[in-house]
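Now for the letters of each chain:
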Amino acid sequence: MAAIAFLSLGRLSAQEPDPRDLLVLNHVAIVDVRNGGLQPDQTVVIYNGRILSIDPTKSAKISRKSSSIDCHGLFLIPGLWDMHVHLVFGDWFPAAKDISLPLFVANGVTGVRDMGSELQVVQRWRSEIEMGRLVGPHIYTSGPMLDGPKPRFPSSIAIATSEDGHRAVVDLKDRGADFIKLQSLIPREAVFAIADEAKKQGIAFEGHVPDSVRASEMSDTGMASFEHLIGIFEGSSSAEDEFLKGNKTEARFLSTFDAARFDSLAALLAKNQTWQCPTLVWERGGNLIDVTDFSKDDRAKYVPASWKAKTWKRFTDEITQGYGTDDLATRKKFLEKELEVVRLLHRKGVPFLAGTDTPPGVYVFPGFSLHEELQRFVAAGLTPLEALQTATLNPAHFFGIEDRFGTVETGKIADLVLLKANPLEDIANTQKIAAVILNGRYFSAKDLEKMLAGVEAAARVQSATER
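Residues numbered from 1 in each chain as written. Predicted model: local features only at pLDDT ≥ 70, side-chain atom pairs only at ≥ 80, totals over all residues. Heavy atoms only, no water.

Trainee: Tell me about the side chain of threonine 141, and name the residues and values.
Mentor: Note on placement: threonine 141 falls in strand 8 (residues 138-141). With relative accessibility at 0%, the residue threonine 141 sits in the buried group. Separated by 2.8 Å, the side chains of threonine 141 and aspartate 114 make a polar contact. Of the polar contacts made by the side chain of threonine 141, one reaches the backbone nitrogen of glycine 143; its length is 3.1 Å. Excluding anything up to four places from it in sequence, threonine 141 contacts Asp114, Leu119, Val122, Arg126, Ala177, Asp178 and Phe179. (Helix = DSSP H or I, 4+ residues; strand = E, 2+ residues; numbered from the N terminus. Buried < 20%, exposed > 50% of the residue type's maximum accessible area, 1.4 Å probe, protein only. Polar contact = N/O pair within 3.5 Å; in protein donor to acceptor, adjacent residues only side chain to side chain. Contact = heavy atoms within 4.5 Å.)

Structure below.
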């Protein structure tokens, strides 16, 4: 996967930093997301966007000239990653620059994997973020998605033939995409052409298991991640051959689920370390959309009217005319089965990533919904530590950037979240944010409140222009 250039600390030993350039977190409890340990009463020194040192507060020697934050009673975790977002989805989510980016940061999401967007726009945003001109998370992006001859969504490239697949991969690699995103409708021969070209170009391919192929085939061919559990229920079904031709419903997934087939597929996914990004919040929201009252959701003030009245309505219609045709009891049963499948896959060693599909997911909100996703992982049977890893350590491992991200350790990028309560005791505590540190820049609770107020104002302005 293409590396992204971030600000470098350089050689720490070359010159002693000016104490006035240091940010010091005193008396903080560090959450070790590798093993679930807790390091109480630590002093973390941040310089030039990275963690310069970590020492017990009682032995740390800090100049009075340094900017120091008293963190008594606070818990420090690595910045969170949402591993399935869409930043610029054609023109479906106007004003996303002023809404999505600050919402991520205000919620402690300091990195995202963009799974389908307008490449040039996102690259421009990323450059502005890296130069400090724009506040936003670190971004890895696929640019436009590859889909079938008649793509369903914006920010897509139509793929009808193998030649189309080869050409699209080369073009996206040349334009600076970090990976290739597959959608559902790509013809079978083109799917394997894309996989072959991606390997040749040295670029990862990820996304939906296309309808025309089996999950086992995509795992064996090197697909880096599956989204939304697509392919899992098909590959665990006695009707898998029929599903290659269509006619997928959740009722049929449930009635044809074969435990032996599931075990075989899970073993393969574990052997190949094929990552799963199940977007459980989106799955729950979509399945229960007709019985959920969003009118009182306080987070709605952060999005323009068109997101709700136009774009989300498009997705609502697609849901209700698609898998939403199953009765409510069946859909609820399927949601429980999804949690069971996640639990079993996890136990068998299949790795997981936290992602939300924001904002295309109806009433899935940038930043906010990632915390719900972590709670859904716990509901599936993961421990709070394991859930936290899906948004910290695991993304860093997935991208091969563990030397810079994923844990609170000396030398790493200072993307950090200060919490008022221990997330290892209750994963819901990730929402109790006291401050966010992004690339070494400290955002206090008041700063975050101001950021949210700015988003609310931007949403009102955009709504007014749409009238």
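Trainee: Now, about the nonpolar core: what can you tell me, with residues and values included?
Mentor: If you look at the biggest cluster of nonpolar residues, it comprises 107 residues, and the most contacted ones within it are Leu87, Leu146, Ile180, Leu182, Met218, Ile232 and Leu345. With seven residues, helix 1 (residues 96-106) is the single largest residue contributor to this core. In contact with leucine 146, not counting residues within four places along its chain, are Ile157, Ile159, Ala168, Val169, Leu172, Ile180, Lys181, Leu182, Gln183, Ile186 and Ile194. (Core = buried A, V, L, I, M, F, W, Y, C linked by side-chain atoms within 4.5 Å.)

Trainee: Describe helix 9 (residues 259-272), listing the residues and the values that go with them.
Mentor: Here helix 9 is 14 residues long and its end C-alpha atoms lie 20 Å apart, about the 20 Å a rise of 1.5 Å per residue gives. Buried within helix 9 we find Phe262, Leu265, Ala266, Leu268, Leu269 and Ala270. Against the buried residues of helix 9 lie helix 5 (215-220), strand 13 (225-227), helix 6 (232-235), strand 14 (275-277) and helix 12 (328-347). Measuring from the backbone nitrogen of alanine 260 back to the side-chain oxygen at the start of helix 9 gives 2.9 Å, which picks out aspartate 258 as the cap. (Expected span 1.5 Å × (residues − 1).)

Trainee: Explain the confidence of the model for the protein chain to me, and be specific about the residues and the numbers.
Mentor: Counting all residues, the mean pLDDT for the protein chain is 94, and 96% of those residues have values of 70 or more. Segment residues 1-13: pLDDT under 50, and 32 contacts once partners within four positions in sequence are set aside and those in other chains are kept. (pLDDT = per-residue confidence, 0-100.)

Trainee: Tell me about the packing of helix 1 against helix 2 (residues 119-130), residues and numbers included.
Mentor: Packed helices, taken two at a time, are described by the angle between their axes plus the distance between the axes. Running from N to C, helix 1 and helix 2 point in directions that differ by 55°, and their axes come no closer than 13 Å. Accordingly, the angle class assigned to the pair helix 1 and helix 2 is oblique. Helix-helix and strand crossings are classified by hand; for helix 1 and helix 2 the assignment is right-handed. Contacts between helix 1 and helix 2 involve Ala96, Lys97 and Leu101 from the former and Trp125, Glu128 and Ile129 from the latter. Of the residues belonging to the contact of helix 1 with helix 2, the class tally is four nonpolar, no polar and two charged. (Axes fitted to C-alpha atoms, helices over the stretch in contact; angles between N-to-C directions. Parallel < 35°, antiparallel > 145°, perpendicular 65-115°, else oblique. Left-handed = near helix turned anticlockwise from the far one by under 90°. Nonpolar A, V, L, I, M, F, W, Y, C, P; charged D, E, K, R; others polar.)

Trainee: Any chance you could break down the pairing of strand 15 (residues 416-419) for me, citing the residues and the numbers?
Mentor: In the case of a regular strand, side chains alternate between the two sheet surfaces. A two-sided burial pattern is seen for strand 15, the buried positions comprising Leu416 and Leu418 on one face and Val417 and Leu419 on the other. Bridge analysis of strand 5 (residues 75-78) against strand 15 gives four bridges, and the strand direction is antiparallel. Pairing of phenylalanine 75 across the sheet is with leucine 419, part of strand 15. Note: strand 15 against strand 16 (residues 433-438), four bridges, orientation antiparallel. Bridged to leucine 419 within strand 16 is isoleucine 433. (Pairing = 2+ DSSP bridges.)

Trainee: So, the packing of aromatic side chains: which residues are in play, and what are the values?
Mentor: According to the stated counting rule, one finds 26 aromatic pairs in the structure shown. Centroid distance phenylalanine 89 to phenylalanine 93: 6.4 Å. Interplanar angle 45°. Geometry classified as tilted. Taken as a pair, phenylalanine 89 and phenylalanine 93 share a single burial class, namely buried. Ring centres 6.1 Å apart and planes at 40° place the aromatic pair phenylalanine 89 and phenylalanine 153 in the tilted group. One end of the pair, phenylalanine 89, is in the loop between strand 6 (80-85) and helix 1; the other, phenylalanine 153, is in the loop between strand 9 (145-147) and strand 10 (156-158), and 64 residues separate them in sequence. Taking the relative accessible area as the measure of exposure, phenylalanine 89 reaches 3% and is therefore buried. Among the aromatic residues, those joined into a cluster by ring pairs are Phe89, Trp92, Phe93, Phe153, Trp307, Trp312, Phe315, Tyr363 and Phe365. Here the guanidinium or amino end of arginine 314 rests over the ring plane of tryptophan 92, the centre of that ring lying 4.3 Å away. (Phe/Tyr/Trp six-rings, centres within 6.5 Å; stacked < 30°, edge-to-face > 60°. Lys NZ or Arg CZ within 6 Å of the ring centre and 35° of its normal.)

Trainee: Requested: an account of the pattern of salt bridges, with residues and values cited.
Mentor: Going through the model one piece at a time under the given rule, you end up with 28 salt bridges. Linking arginine 261 and glutamate 240 is a salt bridge whose minimum nitrogen-to-oxygen distance equals 3.7 Å. Of this pair, arginine 261 sits in helix 9 while glutamate 240 sits in helix 7 (residues 240-243), placing them 21 residues apart in sequence. We classify arginine 261 as partly exposed; its relative accessible area is 35%. Assessed through its relative accessible area of 11%, glutamate 240 is described here as buried. Where lysine 412 meets glutamate 409, a salt bridge forms, and the shortest distance between an N and an O atom there is 3.1 Å. (Salt bridge = Lys/Arg side-chain N within 4 Å of Asp/Glu carboxyl O.)

Trainee: Summarise the sheet that holds strand 6; cite the residues concerned and give the values.
Mentor: The three strands are arranged 6-7-8 in an open sheet whose pairing can be described as parallel. Looking at which strands have only one partner, the edges of the open sheet turn out to be strand 6 and strand 8. The sheet shows a mean angle of 15° between the axes of neighbouring strands, direction not considered. Direction of pairing for strand 6 relative to strand 7 (residues 109-114): parallel, over a ladder of four bridges. Bridge pairing in strand 7 links tryptophan 81 to glycine 111. In the packing of helix 2 onto the sheet, the strands contacted are strand 7 and strand 8, and the crossing angle to strand 8 comes to about 155°.

Trainee: Tell me about unusual backbone geometry, residues and numbers included.
Mentor: The omega angle of the peptide bond from threonine 358 to proline 359 is -5°, so this bond is cis rather than trans. With respect to the helices and strands, the residue proline 359 is situated in the loop between helix 12 and helix 13 (368-379). Although it is not a glycine, aspartate 357 sits at a positive phi angle of roughly 65°. Looking at where aspartate 357 falls in the secondary structure, it is placed in the loop between helix 12 and helix 13.

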